[in-house]
Structure formats: structure tokens, C-alpha cells
Amino acid sequence: MKTKQILVVDDEPKMRRVLEIMLQQMGHRVLGAGNGCEALALFKAHTVDLVITDLRMPEMDGIELLGNLRAQESDVPVMVITAHGTIETAVAAMKHGACDYILRPFDIDALELAVERALNGAEVARQNAFLRQEIDRGWGAFVGTSQPMQAVYDLIQRVGPSKASVLITGETGTGKELAARAVHNASPRRERLFVPINCAAIPADILESELFGYEKGAFTGAQKERIGKFELADGGTIFLDELTEMPMALQAKLLRVLQENTIERLGGNRVINLDIRVIAATNRDPRQAVREGKLREDLYYRVNVFSIELPPLRKRVDDIAGLVEHFITKHGHSAEGTRLTAKALKRLEGYSWPGNVRELENMVERAVILSGGGLLDEPHFLLESQVADAHPKQPAASGDDSPRLPALNQAVEELEAKLIDDALAKAEGNKAKAAALLDISERTLWYKLKKYRPEQDPN
Ligand SMILES: Nc1ncnc2c1ncn2[C@@H]1O[C@H](COP(=O)(O)OP(=O)(O)OP(=O)(O)O)[C@@H](O)[C@H]1O
Ligand SMILES: [Mg+2]
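Enquirer: What am I meant to see in the side chain of Glu210 here?
Expert: If you trace the backbone, Glu210 turns up in helix 9 (residues 204-212). If we ignore the near neighbours within four places in the chain, the residues touching Glu210 are Ile197, Ile202, Arg226, Gly228 and Lys229.

Now the structure itself:
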């Protein structure tokens, strides 16, 4: 490779020296700077092909330096070094335009490779693809060829390429997160980040700063500025999991972000423009959540531009055999040696699967252990409860036949109360007569009045 000029920025002279020696061994010329200001001065005075900077430095940190370089309309590749191993810091730097990162401690080979890649102008997209892989570890493909799943794949393929917001519903364990990632991967944003955030898992007061980030000094403990998930997802996708668990006040703020495509960090007043695609998920019936005051109606309409409903496993029993095989190999066993008996399959197909695919996965993992890696037979599957098969105990939150009837009890009660009112009116308040009209005992009427019309009850 041709000799290049590399600017090395590190506040620790020893570290800087090590880098200088390594780079010189690779045949490059090196300029060394002990802080951001010095680096900027050197950058102005020399032709620099690559900047390698430490992230943590007093006064001007690596990201600020990066910002200052970009402010000079320079697109010099900047590689950051972080000793703090967290991919988050590196992501933040990449988000601000760093071309690559290298984790300390590193060896000369890793450094050489990274330097070569940076100098060859390996496009940012490739770096991000790498980063995405790191973050998306564990993302596997969908398994299942049943008709309801075909419909889901079809929707994903159709909605993926657009920027439309998507609301994914379905019972727990049906694969909502998998679907969200698939939508992202089917979009032109696939090279940018998919940023999941679980609204139910993060305490309400922290969720806001997680999403919006904050400026230094925004609140006690905010010693450094921090970019939030929205900023991280710029150009990519944010996945708001369990949206109905987000506090109402924050839902209002979220709606504004979606309408205006801008955010302000907490404690700041700088408006930051963003280009984000939103995918939300819930295992509740979103309309019911709106009625219960758990989900803002306007937000519901805003995110529900397109909806994907994942069918519960009991509605696609044809997929079970394939899924079992998938999970056998996923947990490190050969599908040849470890197979399901016909009897066991029949049993699994008759089960109600309240925990859906996740439950099946756990069950297979356990069965494989119990069977010692041989045939998976009926006794190896400890099904929780063979409840009135194929029917969930509770009305399904979603993913069931529509129209849904989640408020059936309530509707029945309302009707009952109305019939009682009518009968009493007809009987001019005479309870014995009203009971006769309704063909119930006086005692039952008394009981029901106590329940529905306690204010009228003389007792
Ligand atoms: N069709 C499928 N093929 C293969 N694996 C699947 C499928 N559906 C779900 N899984 C796996 O099942 C597990 C649960 O899926 P996921 O986390 O996407 O469910 P979810 O709907 O988000 O559940 P919850 O509502 O509880 O968050 C994951 O390990 C996922 O990889
Ligand atoms: Mg989930």
C-alpha cells in the first residue's frame, strides 16, 4: 500500500507512541496529537488521509473532534479507538460519521486490517452491515410454511420497502420481534441500524432519556451528553416494543416526534432532524388498549398505518413439525438422530400453546435433554396444561378470529342490566312482577339489582 499520512490523537503519550510505531511499521507517516485542539491544528496544516482518535479524552472527546472535523467540510475517514469495549459508544461514534472503530486492546493485525479498510474507502454501508450483525446477533429466519404465515411474509415483503409505520400485534411468543426485524431487513434501511427498545422493561422515568438522549447537565447525574435511541435510529428503524406500556405523557411526546421528524435532547433546545422508520408491537389488542386509556388514540392511528398480525401457533399447527426440527438443530443436535415420534407430534398439534413459538422452543429444548438426544416421544414433552385444546383460556389479546370479542362479558352485563331496567319499568317498579316478566326468581333479580343498580337497592 502507498504511504499515507495518518493523524493519531490520544491523550496518553504511551498509547500514542505504540500506535505511531505500529503505523510506521506498516509504512505510513504519522502525525501525533495529544488533544483535540492540537489535532485540529495539525489537520489544518497537513494533508491527512486518516484520523485515528481515542474516544475518551479530557476537554474534547473523540466524537466532538469528529464533529469539528466534519464542520470543516472534511470527509477524512475517522477511526475511533475505545477502551471501553461497549458497542454502544462505538455505535454512537459511527452514528456521528466515524468509518470504523477498534476496541482496545488490539493487536497489530487488527489495526492493519482496519487501517487498510479505512484507507481503501470501504464504504460506510459495509461497516454498518458489520455492526448490524453484531447487534442483531441471534436473529434467525422465520420457519413455517402454513397459509397464515405465508400471508405474513407477503405483508412483510410488501410493506418493507416503504417508510410506512407498522404496528405488529399478536400473542406473546408469536414472533413479533422477528417480524419487526424482517420488515427492517426488507427495507432500503437494512444497512442502517435496527434499534429495539422495550417500553415495558425500562422504568418510566428512564425511558424518556433512553429515547431522547440528553445534554450534559440536563439533570443530576448527566455528566456527559448522551445520544438517545431516536438519534441512533436515524436513517434506520426504531422498534418500540410493548408500546402500550409507554406512559401516556411520553406517548404524547412520541406522537410529536413522529409528526415533526425532529427531537430535542432532554435539557437541550437544539432541534435535531431525523429520518426514522417506526415499528411498534404489542401483545394486547390495541383497540382495547385505546378504550382502556393505555394507548393514545391519535398515536394508535399514527403507528397503525400498516398492521401485521401474527397468528397464534394453535392456528397454524402445520408449522409445528418444521419448527420442532428447526429448534432441534438450533440447540445443537442433528435432526437425523433427534426426531419427533408421530404420536408426540399429534400431541403437540393438539395443544393450545398459550406461549406460542417461544413455548414450543423451550419445550423442545427440554425434550431433547430428557430424551438424551434420541427419539422425542410424548413423555418428553411436559405440556403445562392440556387445556380445552385449541382454545385459549382467556380471550386472545389478538391474533384471533376477527371481529374480536374481548368485551363479551361487559356487553352481556350491559344487556342484562338494560333488560332488567325495561322489565322494572313495565312492572312499574314491582319486583315480583319484573322477575316474572324476566322468567327469573325474585331472589335472582334482587341479586342482579344489587350488582347493577346498587344505588336503587333499598338494602
Ligand atoms: N416463525 C418462527 N420461526 C422460528 N423462530 C421463531 C418463529 N416465531 C418465533 N420464533 C422464535 O420464538 C421466540 C419468540 O419470538 P419473538 O421474541 O419474536 O416473540 P414476540 O412476539 O416478540 O413475543 P413477546 O410478545 O413475548 O415479546 C424467539 O426466539 C424467536 O426467534
Ligand atoms: Mg417481543
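Enquirer: What am I meant to see in the confidence of the model for the chain here?
Expert: Any region with low pLDDT has predicted coordinates that should not be read closely. On average, residues of the chain carry a pLDDT of 83, and 87% of them reach 70 or more. When the elements of the chain are averaged for pLDDT, helix 6 (residues 124-135) gives the smallest value, 44, and strand 6 (residues 166-169) the largest, 97. Across residues 122-140 the pLDDT falls below 50, and counting only partners more than four positions away or on other chains, this stretch makes 32 contacts in the model.

Enquirer: Where do I start with the site of ligand 1 in this structure?
Expert: Near ligand 1 lie 18 residues; those nearest to it are Val143, Thr172, Gly173, Lys176 and Arg358. With respect to ligand 1, the side chain of Lys176 contributes an N or O atom lying 2.6 Å from an oxygen atom. Elements with a minimum of two residues in the shell around ligand 1: helix 8 (176-185), helix 14 (320-330) and helix 16 (356-371). The residue makeup of the shell around ligand 1 includes at least three contributed by each of domain 2 (147-309) and domain 3 (313-380).

Enquirer: Even after reading the chapter, I still don't get the sheet that holds strand 6, so can you show me in this structure?
Expert: Paired through backbone hydrogen bonds, the strands of a sheet run either parallel or antiparallel to each other. Read across the sheet, 5 strands follow the order 7-10-13-6-14 without closing on themselves; strand pairing throughout is parallel. The strands lining the two open edges of the sheet, one partner per strand, are strand 7 (194-198) and strand 14 (306-309). When the angles between neighbouring strand axes are averaged without regard to direction, this sheet yields 20°. Against the sheet, helix 8 touches strand 6, strand 7, strand 10 (237-241), strand 13 (277-282) and strand 14, its axis set at about 165° to strand 13.

Enquirer: In this structure, what is going on with the nonpolar core? I would like to understand it.
Expert: Proteins that are soluble and globular tend to have nonpolar side chains buried together. Core analysis: the biggest nonpolar cluster contains 62 residues, and Leu211, Phe230 and Leu240 have the highest contact counts within it. Two domains each put at least three residues into this core: domain 1 (5-123) and domain 2 (147-309). Every residue in contact with Leu211, bar those within four places of it in the chain, is listed here: Ile197, Gly228, Lys229, Phe230, Ile238, Leu240, Met246 and Leu250.

Enquirer: Got a minute to help me understand the packing of helix 18 (residues 431-438) against helix 19 (residues 442-452) in this structure?
Expert: Between helix 18 and helix 19, the shortest axis-to-axis distance is 9 Å and the interhelical angle comes to 100°. Comparing their axes, helix 19 and helix 18 come out roughly perpendicular. Counted together, Lys431, Ala432, Ala434, Ala435 and Leu438 of helix 18 and Glu442, Leu445 and Leu449 of helix 19 form the full contact between these two elements. Class assignment of the residues belonging to the contact of helix 18 with helix 19 gives a composition of 6 nonpolar, no polar and 2 charged.

Enquirer: Looking at this model, I keep getting lost on the packing of aromatic side chains. Mind explaining?
Expert: The description of an aromatic ring pair rests on the distance of the ring centres and on the angle between the ring planes. The tally for this structure, following the rule as stated, stands at 6 aromatic pairs. Here Phe142 and Tyr153 contribute two aromatic rings whose centre-to-centre distance is 5.6 Å and whose plane-to-plane angle is 50°, an arrangement assigned as tilted. With Phe142 in the loop between helix 6 and helix 7 (147-159) and Tyr153 in helix 7, the pair connects residues that are 11 residues apart, well separated along the chain. With a centroid separation of 4.5 Å and 85° between ring planes, the pair formed by Tyr351 and Trp353 is classed as edge-to-face. For Trp353, a relative accessible area of 0% corresponds to the buried category. In this arrangement the basic side chain of Lys253 is found over the ring face of Phe212, its NZ or CZ atom lying 4.1 Å from the centre.

Enquirer: How should the environment of Leu345 be read in this particular structure?
Expert: Its location among the elements puts Leu345 in helix 15 (residues 342-350). Not counting the four nearest positions on each side in its chain, Leu345 is found in contact with Ile320, Ala321 and Leu340.

What counts and what doesn't
Residues numbered from 1 in each chain as written. Chains lettered and ligands numbered in written order. Predicted model: local features only at pLDDT ≥ 70, side-chain atom pairs only at ≥ 80, totals over all residues. Heavy atoms only, no water. Helix = DSSP H or I, 4+ residues; strand = E, 2+ residues; numbered from the N terminus. Contact = heavy atoms within 4.5 Å. pLDDT = per-residue confidence, 0-100. Near = heavy atom within 4 Å. Polar contact = N/O pair within 3.5 Å; in protein donor to acceptor, adjacent residues only side chain to side chain. Domains from an automatic or database assignment. Pairing = 2+ DSSP bridges. Axes fitted to C-alpha atoms, helices over the stretch in contact; angles between N-to-C directions. Core = buried A, V, L, I, M, F, W, Y, C linked by side-chain atoms within 4.5 Å. Buried < 20%, exposed > 50% of the residue type's maximum accessible area, 1.4 Å probe, protein only. Parallel < 35°, antiparallel > 145°, perpendicular 65-115°, else oblique. Nonpolar A, V, L, I, M, F, W, Y, C, P; charged D, E, K, R; others polar. Phe/Tyr/Trp six-rings, centres within 6.5 Å; stacked < 30°, edge-to-face > 60°. Lys NZ or Arg CZ within 6 Å of the ring centre and 35° of its normal.

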